[in-house]
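# Observations on chain architecture
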Amino acid sequence: MSAPSLPSFDLTGRRALVTGSSQGIGLAFARGLAAAGAHVILNGRDSAKLDRAAAELRNAGHGVSVSAFDVTDEAAVNAAIAALGQIDILVNNTGIHRRAPLAEMSLADWEAVLKTNLTSAFLVTRAVGAGMIARQRGKVINICSLQSDLARPTTGNYAAAKGGLRTLTRALCGEWAKYNIQINSIAPGYILTDLTRPLAADPKFDSWIKGRTPAGRWGSVDDLVGACVFLAAPASDFVNGHMLTIDGGLSAVI
Ligand code: NAP
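No experiment lies behind these values; they were computed from the predicted model shown. (Residues numbered from 1 in each chain as written. Predicted model: local features only at pLDDT ≥ 70, side-chain atom pairs only at ≥ 80, totals over all residues. Heavy atoms only, no water.)

### Here we look at the pairing of strand S4 (residues 89–92)
Across a regular strand the side chains alternate sides, sitting on one face of the sheet and then on the other. Of the two faces of S4, both are covered, the one formed by Ile-89 and Val-91 as well as the one formed by Leu-90 and Asn-92. Examined bridge by bridge, S4 and strand S5 (residues 138–143) share four bridges and lie parallel to one another. Paired with Asn-92 across the strands is Asn-142, a residue of S5. Once the chain exits S4 it traverses helix H4 (residues 107–135) before rejoining the sheet at S5, and the crossover so formed is right-handed. (Buried < 20%, exposed > 50% of the residue type's maximum accessible area, 1.4 Å probe, protein only. Helix = DSSP H or I, 4+ residues; strand = E, 2+ residues; numbered from the N terminus. Pairing = 2+ DSSP bridges. Right-handed = clockwise from strand over helix to strand, strands pointing away.)

### Describing the packing of aromatic side chains
Taken as a whole and judged by the stated rule, the model has five aromatic pairs. For the ring pair Phe-205 and Trp-208, a centre distance of 5.5 Å and an interplane angle of 50° mean the geometry is tilted. Of the two residues, Phe-205 and Trp-208 both sit in helix H7 (residues 203–212), three residues apart, roughly one turn of that helix. Its relative accessible area of 10% is what places Phe-205 among the buried residues. (Phe/Tyr/Trp six-rings, centres within 6.5 Å; stacked < 30°, edge-to-face > 60°.)

### Here's the deal with the site of the ligand
Neighbouring the ligand are 31 residues, the closest being Ser-22, Arg-45, Asn-93, Tyr-158 and Thr-193. Contact between the ligand and Ile-25: an oxygen atom at 2.8 Å from a main-chain N or O atom of the residue. Thr-193 places a polar side-chain atom, nitrogen or oxygen, 2.4 Å from an oxygen atom of the ligand. Protein contacts shield 93% of the accessible area of the ligand, which totals 900 Å² for the unbound molecule. Of all the secondary structure elements, the ones that give two or more residues to the shell around the ligand are helix H1 (24–35), strand S2 (39–44) and helix H5 (156–176). Residues of the shell around the ligand, tallied by class, amount to 10 nonpolar, 15 polar and six charged. (Near = heavy atom within 4 Å. Polar contact = N/O pair within 3.5 Å; in protein donor to acceptor, adjacent residues only side chain to side chain. Areas by Shrake-Rupley, 256 points an atom, 1.4 Å probe, with all protein chains shown as cover. Nonpolar A, V, L, I, M, F, W, Y, C, P; charged D, E, K, R; others polar.)

### Some points on the environment of Asp-73
Here Asp-73 is to be found in the loop between strand S3 (64–68) and helix H3 (74–84). Judged by its relative accessible area of 35%, Asp-73 falls in the partly exposed class. Between the C-alpha atom of Asp-73 and that of Leu-199, which follows or precedes it by 126 residues, the distance is 29 Å.

### Describing the packing of H1 against helix H8 (residues 222–232)
Packing of H1 against H8 leaves a shortest axis separation of 9 Å and a crossing angle of 55°. Relative to H8, the element H1 is oriented oblique. Between H1 and H8 lies a crossing of right-handed hand. Here Ile-25, Ala-28, Phe-29, Gly-32 and Leu-33 of H1 lie close against H8, whose contacting residues are Leu-224, Val-225, Cys-228, Val-229 and Ala-232. Considering only residue class, the contact of H1 with H8 consists of nine nonpolar, one polar and no charged. (Axes fitted to C-alpha atoms, helices over the stretch in contact; angles between N-to-C directions. Parallel < 35°, antiparallel > 145°, perpendicular 65-115°, else oblique. Left-handed = near helix turned anticlockwise from the far one by under 90°. Contact = heavy atoms within 4.5 Å.)

The structure is reproduced here in structure tokens:
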């Protein structure tokens, strides 16, 4: 696959790790980064699913490898990152939902979401950041949510984690911008993936989303890819600590 002609968006020679990229938004990010010239490293826990995703990218002519590890397991994260060598671009994309009203939410569901959606970004960024600091160059992209700012009933754990991830983005910017590392985030609106399929299957929720979103539709994973390439590329070298919302206008209106 030939790299894009605009040099400031060219990722040729860069190595990008996308966590949670065996499907959905993470896999779309991996396709986009690879199309811009990067070698991509796919991550998830299920090796068979990762191998299928890697085969798709390889067949399209992209440079790809896989690294199966659980992003919530500190020892596994550190061992995997040490084995991977140089990583120039890190996308912290892994996320899960465990829905329940806060008054009924179990500590297990609270902790599972905080660990997967927030603590994982700290663990993986800390491990990858050591090399970025030594090389004085790097890009970190945290996948936030509309719920980094806005809450909904039954997703208090998710909103708390995504709000924390937005603030972690700013905290990392405060500490690492001086090393020529840009840390930004993307806040997707409602995007059709396995994570949101239960919501889209509910006709009431589906029509609420279409009515509430000025664009009048759910987002697709491809709606997010250009922003990821921008935040991974030299084009964004003076963009830092920012959250880029991609929601069809939902958060712009009441
Ligand atoms: P998805 O389709 O459910 O995919 C989640 C990915 O994460 C899978 O590849 C999964 O693979 C991996 N994963 C889950 N737990 C993991 C762990 N502990 N260690 C390593 N990998 C793990 O999710 P998605 O909809 O693409 O969402 C991706 C990100 O976008 C999430 O952070 C989500 O919160 C955010 N987001 C999504 C939407 C939306 O509308 N879909 C909106 C806003 C934000 P394995 O299960 O094999 O590990």
